[in-house]
Amino acid sequence: MANKAFKNAGLLGTVYFVGAFLYKELFKKREDAYEEQYKNLYPLLKITFTKAGRDSSKFNNLLNAFLSLTPVGANRRNFKRRYIGDKSGWSNLPKDLAKIPYGHWW
């Protein structure tokens, strides 16, 4: 009976370790991908504003792309209120993603 319990505990430990490893790797890479997308979209936002203006559909689609990168929930609401809802809020977007305040992206 004790051998069976130790065997099951070893199996559960292995499953937990593999699951935790995969979870960490998947979510770490997703955050890296969002950061890369942000860095690629940022210059495009500036160029689109100068060519098409704030009220163009292209510019609004880019803003929505930024919004889709943010996590769902309070972070997304805060990001939208600060950077997208305000007509001039987009100009406050930092070039470096790490400079976005806590609660707006992370």
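Thresholds applied
- Residues numbered from 1 in each chain as written.
- Predicted model: local features only at pLDDT ≥ 70, side-chain atom pairs only at ≥ 80, totals over all residues.
- Heavy atoms only, no water.
- Phe/Tyr/Trp six-rings, centres within 6.5 Å; stacked < 30°, edge-to-face > 60°.
- Helix = DSSP H or I, 4+ residues; strand = E, 2+ residues; numbered from the N terminus.
- Buried < 20%, exposed > 50% of the residue type's maximum accessible area, 1.4 Å probe, protein only.

### Looking at the packing of aromatic side chains
Reasoning step 1: Counted under the stated rule, the structure contains 6 aromatic pairs.
Reasoning step 2: With a centroid separation of 6.3 Å and an interplanar angle of 25°, the aromatic rings of Tyr38 and Tyr42 are classed as stacked. Of the two residues, Tyr38 and Tyr42 are both situated in helix 1 (residues 2–52); the distance of 4 residues between them amounts to about one turn of the helix.
Reasoning step 3: What makes Tyr42 buried here is its relative accessible area of 12%.
Reasoning step 4: Measuring from ring centre to ring centre gives 5.2 Å for Tyr38 and Phe66, while their planes differ by 80°; the resulting arrangement is edge-to-face. Remark: Phe66 occurs in helix 2 (residues 57–69) and Tyr38 occurs in helix 1; sequence separation between them is 28 residues. Each member of the pair, Tyr38 together with Phe66, is buried.
Reasoning step 5: By the ring-pair criterion, three or more aromatic residues cluster together here, those being Tyr38, Tyr42 and Phe66.

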